[in-house]
Amino acid sequence: MVEVALACTELGVVYRKQGRSVPALSDVGFEIRRGEFVSVVGPSGCGKTTLLHVLAGLLPPTSGRAELFDDAPAPSMAASLVFQENSLFPWMTVVENAAFGLEMRGVDKAERERRAIHMLERFGLAGREHDYPRQLSSGMKQRVAVIRAFLGGAPVLLMDEPFAALDRQARMKAQQELMDLWESQQKTVVFVTHDVDEALLLSDRILVLSPSPGTVVSEYRVATERPRSPLCEPDEESLDLRRRIFAALHLAPGLPRYASTAS
Amino acid sequence: MLASIARRAWLTVLLLVGWQALSGFRVLDPLFFPAPTTLLATFGSLVVSGEIGRQVMRTLERTAAGFGVGVLCGCAASVALSLSATLRRASEPLVAALYSTPRLTLLPMVMLLVGVNDAARILLVSLGTALLMMIQVSDAIRAVNKDYVDMAVNYGASRAMVIRKVYLPACLPQIFTALRLAFSRALVLTISVELLNSDDGLGSMILSAWQTFAIEKLYVSIALAAALGLVTQSLFHQLERRLAPWRDQTA
């Protein structure tokens, strides 16, 4: 039997803005298996970030349910969020940032620093442990934020366009590193992006959200063999998938607005 | 280090040398503009007599007391204002009115209530300090990026942890700036209050030098007031550099 890590059922979120109700998400439903890497793509403003905030426990849903099935010590620690920007605390050094999740779980200082430094060294950040975030490039900052999420112990990681602001080289490096981490750590990842190619590279499955209020309009399985690399040329099958996702996003003219679910 | 001192000090040195020359050649009347070397000699004799030490200490005592009380009250008030939006809105006009009232005009009222004593002088100084701290620190608290709060909560931080790990360090740079400004305000207020009503302290020394036409002593005490401000400001800068090292200090 496949174990479900998280599930949304008829999830809806309505914001109140100056007395008016603004629906952000409507009737969102999906299940994500343990250890699965799922990307959520959709036009800007479709509620992707809202969805992650609900899953992270930072925002209560207006209707429906978002459930995480796991054995985390506290509900707030079940899913760690990686932000697009301001993803590190500016007043903590790299190693303090990376070890923050461990610190919150009560791991003692020597142990959490040992583990954080081990991870940082493994991912090319040796020698930067005691720098402050302002001394790092934006690519390095996001890699530290990803490392912190993996170290934090939460079984589910929620990533909110973590690499959107990076230049191409830095993004490729960060993507490769994320895949390496994920393959070695068996975490469930929900990855929000507006970049279809990034979703195709990283994911097992891609959910497409409609414009606001967001709802899941289609989903695609990405069958490309792992390990993958940002340097590999896409094969015919993934190019076809790419076309269908763009069509679902309504970016390719002459195609039906939402392609039907394929697998 | 030497180069940086030279870059900062050359204009001051130039002015002093020019002053000395003009005074030496009697272009300036030494009765009204005594030469810097004469002032230095006066300064020396005032140090030896112990008067300067005594007066500066009195001023610093009052400044420190007013500053200390003011910082504590101001910070406490800003926390209260951050916790309650109702309180903040209700207090806004009062704070604005009080902030734009010249603090010294309150001295007669404070003395009426507390008496003509040091408590009244210190109270006035602390009032000025507290207002400034309150405004600056509540601004700092409000300006904390909510992303960082979310991030800490998401990793399971308790309320106390969020305050210790996010709010405090996030506000620290602005708190330091506020402390520095508040100290300089406290010093200015103390000397002003002493000038108006006091038997000792730098302000009273300036006033009595003026009244007895002790021009050299007048210059020396004014220069002392300026030097006191300069030294304490640079101490606060250094403290800030030590305690908030994540801030970019190159600018």
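Up top you'll find the structure we're talking about.
As a starting point, this report considers the structure included with it. (Residues numbered from 1 in each chain as written. Chains lettered and ligands numbered in written order. Predicted model: local features only at pLDDT ≥ 70, side-chain atom pairs only at ≥ 80, totals over all residues.)

**A closer look at the sheet that holds strand E6 (residues 156–160) of chain A**
Neighbouring strands of a sheet are bound in pairs by backbone hydrogen bonds; such pairs are parallel or else antiparallel. Residue and element names in this part refer to chain A. Here we have 6 strands laid out as an open sheet, ordered E5-E6-E7-E3-E8-E9, and mixed in their pairing. Where the open sheet ends on each side, the last strands, each with one partner, are strand E5 (79–82) and strand E9 (216–221). Across the sheet, the axes of successive neighbouring strands diverge by a mean angle of 20°, strand direction being ignored. In this structure, strand E8 (residues 205–209) lies alongside E9, joined through 5 bridges in antiparallel fashion. Note on E9: the bridge partner recorded for Arg205 is Arg221. Across the face of the sheet, helix H1 (residues 48–55) comes into contact with strand E3 (37–41), E5, E6, strand E7 (188–193) and E8 while running at roughly 155° to E7. (Pairing = 2+ DSSP bridges. Helix = DSSP H or I, 4+ residues; strand = E, 2+ residues; numbered from the N terminus. Axes fitted to C-alpha atoms, helices over the stretch in contact; angles between N-to-C directions. Contact = placed C-beta atoms within 7 Å.)

**Quick look at the sheet that holds strand E4 (residues 63–68) of chain A**
All names here are of chain A. Spatial strand order, E2-E1-E4: 3 strands in an open sheet with antiparallel pairing. A strand with exactly one partner marks an edge of an open sheet, and here the two such strands are strand E2 (20–33) and E4. Taken pair by pair, the neighbouring strands of this sheet meet at an average axis angle of 20°, ignoring direction. Bridge count for strand E1 (residues 4–17) against E2 is 10 bridges, and the pairing is antiparallel. Within E2, the residue paired with Val13 across the bridge is Leu25.

**Quick look at the interface of chain B and chain A**
Across the boundary between the two partners, chain B contributes 15 residues, which contact 19 residues of chain A. At the level of elements, helix H7 (146–154) and helix H8 (159–196) of chain B are the ones that each hand at least two residues to the side of chain B that touches chain A. Top contributing element to the side of chain B that touches chain A by residue count: H7 of chain B, with 6 residues. Tallied by class, residues from the side of chain B that touches chain A come to 9 nonpolar, 3 polar and 3 charged. (Nonpolar A, V, L, I, M, F, W, Y, C, P; charged D, E, K, R; others polar.)

**Overview of unusual backbone geometry**
All names here are of chain A. Following Arg226, the chain continues into Pro227 via a peptide bond in cis, with omega recorded as 0°. On the secondary structure map, Pro227 appears in the loop between E9 and helix H8 (236–248). Although it is not a glycine, Gln186 sits at a positive phi angle of roughly 55°. Along the polypeptide, Gln186 turns up in the loop between helix H6 (168–185) and E7.

That's the geometry; what it means functionally is another story.
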